[in-house]
Amino acid sequence: MPVSNEELRNRLLQERAYLLEQLTRSGENEYRGAGYGNHIADDATETFEQAKEVSLQRNETSLLWLVDHALEKFELGTYGICEACGAPIDRARLKALPYALYCLDCQAQIEQRR
Ligand SMILES: [Zn+2]
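Residues numbered from 1 in each chain as written. Predicted model: local features only at pLDDT ≥ 70, side-chain atom pairs only at ≥ 80, totals over all residues. Heavy atoms only, no water.

Protein coordination at the zinc ion: the donors are C82 (SG), C85 (SG), C103 (SG) and C106 (SG), at 2.3 Å from the metal. Each of the four donor atoms around the zinc ion contributes to a set of angles spanning 106 to 114 degrees, which defines the coordination as tetrahedral. Judged by its relative accessible area of 45%, C85 falls in the partly exposed class. Of the residues examined, C106 reaches a relative accessible area of 10% and is grouped as buried. (Donors = N, O, S within 2.8 Å, 3.2 Å for Na, K, Ca; no water. Tetrahedral: all angles 85-135°; square planar, octahedral: opposite > 155°, others 65-115°. Buried < 20%, exposed > 50% of the residue type's maximum accessible area, 1.4 Å probe, protein only.)

So, in structure tokens, the structure goes:
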């Protein structure tokens, strides 16, 4: 039986709570959240830039950005859509990686370019 959006969203919320706890424990209080609602596109770009910078320092922070970003996409109704080609991401992939940004094909292409 395929995993439901509801279940994926719950898993993302759990992951988010866990990551926030980890960050709080390690004394990192810099994270300001992705800002739901207003100026989502601007926020996403800005947050992405921030995430790129901090990802070098803290893996949890970049993971938290991905989780927040995925939750934002639920609000926008674009959850589960590949950000590169716009095709639906395979459900099995989402089940394994609820915050996946790309479908398998695009992910493979991106990794090849590295
Ligand atoms: Zn794709």
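Turning to the environment of Y18, a few remarks are in order. By the secondary structure assignment, Y18 is in helix α1 (residues 5–25). Residue class for Y18 comes out partly exposed when judged on its relative accessible area of 46%. For the pair formed by Y18 and L64, sequence separation is 46 residues and the distance between their alpha carbons is 9.4 Å. (Helix = DSSP H or I, 4+ residues; strand = E, 2+ residues; numbered from the N terminus.)

Once that is clear, we can look at α1. Taking 1.5 Å as the rise per residue, α1 with 21 residues should run 30 Å; its terminal C-alpha atoms sit 30 Å apart, in good agreement. For α1, the set of buried residues is L8, L12, R16, L19 and L23. Projection of α1 onto a plane perpendicular to its axis shows the buried side chains occupying an angular sector of 80 degrees, all on one side. Exposed side of α1, more than 90 degrees from the buried face: E6, Q14, T24 and R25 are the residues found there. Check the buried side of α1 and you find it contacts α3 (59–76) and α4 (91–96). (Expected span 1.5 Å × (residues − 1). Arc of directions from axis to C-beta. Contact = heavy atoms within 4.5 Å.)

To continue, consider the packing of α1 against α3. It is at 9 Å that the axes of α1 and α3 come closest, and there the two elements cross at 150 degrees. Two packed elements cross with a definite hand, and for α1 against α3 that hand is left-handed. Contacts between α1 and α3 involve N5, L8, R9, L12, L13, E15, R16, L19, L20, Q22 and L23 on the former and, on the latter, E60, T61, L63, L64, V67, D68, A70, L71, F74 and E75. Considered class by class, the residues forming the contact of α1 with α3 number twelve nonpolar, three polar and six charged. (Axes fitted to C-alpha atoms, helices over the stretch in contact; angles between N-to-C directions. Left-handed = near helix turned anticlockwise from the far one by under 90°. Nonpolar A, V, L, I, M, F, W, Y, C, P; charged D, E, K, R; others polar.)

One pass over the structure, following the stated rule, counts three salt bridges. Here R16 and D68 are joined by a salt bridge, their closest N and O atoms 2.4 Å apart. Of this pair, R16 sits in helix α1 while D68 is found in helix α3, placing the two residues 52 residues apart along the sequence. We classify D68 as buried; its relative accessible area is 0%. Between E83 and K73 there is a salt bridge, with its nearest N and O atoms 2.8 Å apart. Note that E83 is positioned in the loop between α3 and α4 and K73 in helix α3, a separation of ten residues in sequence. For E83, a relative accessible area of 38% translates into the label partly exposed. (Salt bridge = Lys/Arg side-chain N within 4 Å of Asp/Glu carboxyl O.)

No statement about biological role is implied by the geometric values presented.
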